[in-house]
Amino acid sequence: MTMTANPTNETSAPRNINISQAVAEGLRLAMEADDRVVVIGEDVATQGGVFGSTRGLLKAFGPERVLDTPISEMAFTGMAVGLAMDGYRPVIEIMFVDFIGVCLEQVYNAVAKIPYMSGGKVDMPVVIKTAGGSIGAAAQHSQTLWGLFGHLPGLRVVAPSNPYDSKGMMAAAVASDDPVVFIEHKGLLLERAQDFEFGANVPREAYDVPLDKAAVVRPGSDLTLVTLSGSVRHALTAADAAILSGVDVEVIDLRSIVPIDWETIGTSLAKTRALLVVDEDYLGYGLSGELITGAIERFGLGSLDYVGRHGNPGIPVPAALSLEREIVPGTESILNAIVRAGAER
Amino acid sequence: MNNPELWRDRYRLMVLMRRFEEACLTGVASREIHGELHTAIGQEAIAAALAENIREGDALASTHRNHLHAIAKGIPLYPLMAEIFEKETGLCGGFGGHMHLFDKERRFSTTGIVGASLPVALGHAYAAKLRGDDTVAFAVIGDGSVNAGGFHETMNMASVLGLALVVVIENNEWAISVPFSAASSTAKLAERAVAYAIPGERVDGLDVDATSQAIGRAVAHARSTGPALVEAMCYRFRGHYEGDLDLYRSQSEKTDRTTTKDPVVLLRAQLRDGGMLDEATLERLESQVSAEIDAVLAQVRADKQPDRSRAHDHVFASGLKGAVA
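Residues numbered from 1 in each chain as written. Chains lettered and ligands numbered in written order. Predicted model: local features only at pLDDT ≥ 70, side-chain atom pairs only at ≥ 80, totals over all residues. Heavy atoms only, no water.

**Some words on the overall build of chain B**
Operational definition: Helical segments are the DSSP runs of H or I of at least four residues, strand segments are the runs of E of at least two, and each set is numbered from the N terminus. As defined in this context, the radius of gyration uses C-alpha atoms, and a globule is described by 2.2 Å times the residue total to the power 0.38. To sort residues, take the accessible area from a 1.4 Å probe on protein chains only and compare it with the maximum for the residue type: under 20% means buried, over 50% means exposed, and anything in between is partly exposed. Note on definitions: a residue-residue contact is assigned when non-hydrogen atoms from the two residues lie within 4.5 Å. Throughout, the Shrake-Rupley method with a 1.4 Å probe supplies accessible areas, and for residues the shown protein chains are the sole cover considered. We count Lys and Arg on the positive side and Asp and Glu on the negative side, and we leave His and both chain ends out. The atom standing in for a charge is NZ when the residue is Lys, CZ when it is Arg, CG when it is Asp and CD when it is Glu.
Along the backbone of chain B there are 10 helices and nine strands. The globule rule puts the C-alpha radius of gyration for 325 residues at 20 Å, and the 20 Å found for chain B is close to it. Summarising its shape, the C-alpha atoms of chain B cover approximately 60 × 50 × 40 Å along the three principal directions. Within chain B, the fraction of its 325 residues that count as buried is 57%. In chain B, 73% of the contacts between residues at least 6 apart in sequence involve partners at least 24 apart. Roughly 12,700 Å² of accessible area belongs to chain B as shown, and the carbon and sulfur atoms make up 52% of that amount. Here chain B contributes 34 positive and 43 negative side-chain charges, whose respective centroids are spaced 2 Å apart.

**So, the pattern of salt bridges**
Working definition: two side chains of opposite charge can pair if their charged atoms are close together. Quick reminder of the rule: Throughout this description, the term salt bridge denotes a Lys or Arg side-chain nitrogen within 4 Å of a carboxyl oxygen of Asp or Glu.
Applying the stated criterion across every chain yields a total of 41 salt bridges over all chains. Glu 250 of chain A serves as the salt-bridge partner of Lys 271 of chain A, at 2.6 Å between the closest nitrogen and oxygen. Within this pair, whereas Lys 271 of chain A is found in helix α10 (residues 262-272), its partner Glu 250 of chain A is found in strand β11 (residues 249-253), the two being separated by 21 residues in sequence. Its salt-bridge partner being Arg 217 of chain B, residue Glu 201 of chain B comes within 2.9 Å of it at the nearest N-O pair. Taken together, the positions of Glu 201 of chain B in strand β8 (residues 200-204) and Arg 217 of chain B in helix α7 (residues 208-224) put the pair 16 residues apart, joining distant regions of the chain. Salt bridges sharing common partners tie together Arg 268, Arg 272, Asp 273, Glu 279 and Glu 286 of chain B.

**Section: the packing of aromatic side chains**
The relative placement of two aromatic rings is captured by the distance of their centres and the angle of their planes. Quick reminder of the rule: Aromatic pairing here means that ring centres of Phe, Tyr or Trp (its six-membered ring) are within 6.5 Å. Orientation follows from the plane angle: under 30 degrees is stacked, over 60 is edge-to-face, and everything else is tilted. Charge-over-ring placement is defined geometrically: NZ (Lys) or CZ (Arg) within 6 Å of the ring centre, and within 35 degrees of the ring normal.
Applying the stated rule across the entire model yields eight aromatic pairs over all chains. Cluster of aromatic residues (ring-pair linked, three or more members): Phe 51, Phe 96 and Phe 99 of chain A. Over the ring of Trp 7 of chain B we find Arg 10 of chain B, and its NZ or CZ is 4.7 Å from the ring centre.

**Notes on the UniProt feature "domain: Dehydrogenase E1 component" (unreviewed entry) in chain B**
The cut-off we apply is this: UniProt positions are given in the numbering used here, feature names are shortened, and annotations may be inferred rather than shown by experiment.
Per the UniProt annotation, the sites labelled "domain: Dehydrogenase E1 component" (unreviewed entry) are residues 14-307 of chain B. In the segment residues 14-307 of chain B, helix accounts for 44% and strand for 13%; the C-alpha atoms at its two ends are 35 Å apart.

**Regarding the sheet that holds strand β3 (residues 108-110) of chain B**
Residues and elements named next belong to chain B. We apply this condition: When DSSP finds two or more bridges between two strands, those strands count as paired. To obtain an axis, a line is fitted to C-alpha atoms, over the contacting stretch when the element is a helix, and the angle between two such axes runs from 0 to 180 degrees between their N-to-C directions.
Reading across the sheet, the seven strands line up as β2-β3-β1-β4-β5-β9-β8 and stay open at both edges, with mixed pairing between neighbours. Each edge of the open sheet carries a strand with a single partner, namely β2 (102-103) and β8. Pairing geometry for strand β4 (residues 137-142) and strand β5 (residues 165-171), over six bridges, is parallel. Paired with Ile 141 across the strands is Ile 169, a residue of β5. Running at roughly 150° to β5, helix α6 (residues 149-161) makes contact with β4, β5 and β9 (228-233) of the sheet.

**Here we look at the packing of helix α3 (residues 73-85) of chain A against α6 of chain B**
Any two packed helices are characterised by how steeply their axes cross, that is the angle between the axes, and by the distance between the axes. For clarity, the cut-off: The cut-offs work like this: below 35 degrees is roughly parallel, past 145 is roughly antiparallel, 65 to 115 is roughly perpendicular, and the gaps in between are oblique. Note on residue classes: Ala, Val, Leu, Ile, Met, Phe, Trp, Tyr, Cys and Pro are nonpolar, Asp, Glu, Lys and Arg are charged, and everything else, Gly too, is polar.
With their axes 8 Å apart at the nearest point, α3 of chain A and α6 of chain B run at an angle of 70° to one another. On the basis of the axis angle, α3 of chain A is roughly perpendicular to α6 of chain B. Across the interface between the two elements, Glu 73, Met 74, Ala 75, Phe 76 and Met 79 of chain A of α3 of chain A pack against Gly 150, Glu 153, Thr 154, Met 157 and Leu 161 of chain B of α6 of chain B. Classifying every residue of the contact of α3 of chain A with α6 of chain B by side-chain character gives six nonpolar, two polar and two charged.

**Here we look at helix α13 (residues 331-344) of chain A**
Every α-helix winds through 3.6 residues per turn, so residues three or four apart in the chain are directed the same way. Residue and element names in this part refer to chain A. Stated formally: What a helix should span is 1.5 Å times the count of its residues minus one. Arc definition: directions from the helix axis to the C-beta atoms.
If you check α13, its first and last C-alpha atoms are 20 Å apart, about what 14 residues at 1.5 Å a residue would give, namely 20 Å. Within α13, the full set of buried residues consists of Ser 333, Ile 334, Ala 337, Ile 338 and Ala 341. The buried residues of α13 occupy an angular sector of 145° when projected down its axis, which confines them to one face. For α13, the exposed residues lying more than 90 degrees away from the buried face are Glu 332 and Ala 343.

What follows is the structure, given as C-alpha cells:
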C-alpha cells in the first residue's frame, strides 16, 4: 500500500499510543487510501468500539462506511461476504472472539471457503477483527480461540502483541486479498501506552507489518520460547528473571498463527535445540501441538533436545482471579516452565 | 395472454430448465456427479418468473437447490453444467460442484448451508446502497431456511437499513423429511413479513404469470423503499437429494402432485387449449430445447476432471499454502 504521511502533521515523529489507538489509526489510514474499505459491527460507529479501536472512524467516514449494526453477527458477517463479492473490503468486528459461535458458519463455510470453491475466481478480502484473551471475565468472555481459526483452512490468523505491530498488521490485513482473522488481546487493549516495553512508538504515517513474519523480541541461546499476543510481555519478564536460573531464553513473538513463520523458528532452534511454547489458548488440538509437531516434522527428532508447552490445559476460564491465574500463563508460571525446561535438558 | 412471444419464451425457458435438470439426473446415474444432487424439478415456474424480473446488474444468492436460479441469472449453460459434472471447464473449475456455484461478474452465488444465502444477499444489497445504484439483491431460499436465525437477522437488518432486498421463498412443503406444516409457527411465511414491517405476499408458484407479477411488485418496492418478501407455493417432486429413499411422504401425495400440479405440463395445456401455441409448434420447441441440452451434455461429458495436482490451488488468493501443507 502507499505510504503517505498526513500533510497537516508538522512532524511524523513516533508517539506513544496504545493498541486501540494504533488499530484505529491503521484503519483510518486504510480507509483514507481505499474507499472500498468499510467497517461493520456492534458499537463500532458512535461508540468507536467497546475497546475504542474504531474511534474516530464515524466522524471521518460517515455512517455508511462505519456501520453500527444490531446484535446480528450471522447477518453482518454474511454481509461481508456479499460486499467482498461486490468488490468491497469489509472489516467486521466481532466484539469478543467468544461470540464467534453465532456466526462461525459464515466464517468457515463462506469467507474461508469461497476462494477455493470458486476455483480462485472470487476473493474474500475480509478482515474479521475481534478481541481475545483472559481478563478475569470468565468462561464466555475470556477465551483466545486462535487455534479454532487456525484449524479451518482458508483463513490467515494473526494476533499482535504491541501498538506498532497492531497498526501495521491491521494495515496489512486490510490490504490482503486473503481473509484475515485479526485477534486483538483484551488485556493489551486495556493497557496504557507507556506500559508497553516494546513496540510502543508508533509513526504517524501508514506502514505495513507483514502478516507472516514472527519477531525475535529477546535474543537468547538456551531455549526458544515461542508465544504471542498477551503472553509476550509475561514471557519477556519471565525470561529476564530466568537468567538467575542460568537459562538464556530467546523469545519469539509469533504474530501470525496462519501461516507459521518456520524460518524464524528454525533459525532459533538451530541455536537452542529446545522449544517451549507458551499459549494462552487451550492446549489440546491447538497451536502448541502444531508448533511442536511442525518443528519435529521440519527439523527432525534429532534436532531437538527438549520440547514443552505451557498454556490453558483445556479448562473453561474461571471467574475468580485466583482460579484464572492457575490455568492462564502468567509471568510466574512461565518462569516455572522455563526452569523446568532448563532442568530437563 | 396477449403477448404470444412472452408466453412462448416462458414455456421455452421452463422446458429448458426441466431438460437441464433431467440431464443432470443422468450424471448421477452414471456416477459422474457425486454427493447430494438437489434438483428443483416442479419449481420451474418460479425460476422463470425470477428470470423475468432480474436485471443483469442485480445480485442473486441462492441455495443448495440452485441450478434453475443460475439459469435465471443468465449463467451460460455449458460452464454451469460442466461445474455440476465436476469438470475442469466448469464455472469454478470443478472446485465447487453442484452446491457451490459462483459467478462474480454476474453477482451470483450459492451455498450448501440452509439459510446462509440470506446474509450474503444482504451484503449485496448494502453494496448497492454504498454505490448508490438501483440494483436489487435477491435471496432465494426454501421454506426450511425461514426457521434459521439468519432469516430473522437478515430481514430485520434489511428493513432497518431500507435495503433493496427481495427474498423469494420457494415453499415446496418439505424440509428434507419434515413437512412445512410441522415446522412453521405461522400458517403462511408471507405473514412473517409483518414482523419486519415489510410487504409479504403468497403466490401460486406453479403459475408463472402470477409469480412474475408478485416478484415484480416486490422488486418495485425494493427499488423505491426497502425489502420485500414473496412466498411462492410449489412442491418438491423428487426426494431431498438424488438417492433419497423419500419414504417420509405418501406415494399418493406424490402421485397426485406430480401428475396434476406440474407447472410445465400445466402451462403447456394452457397454451394449447387457449389457442396460443398449436401442438406442432409446442413439439418443435420442445425438440429444439432437447437438442440444445443434449449438445451441452455431450460437450460436458467429453471434458476432463481437473488434474489432481491442482487440489492445493486456491486455498488463499495470495497463493499461501496454509499452516500444514
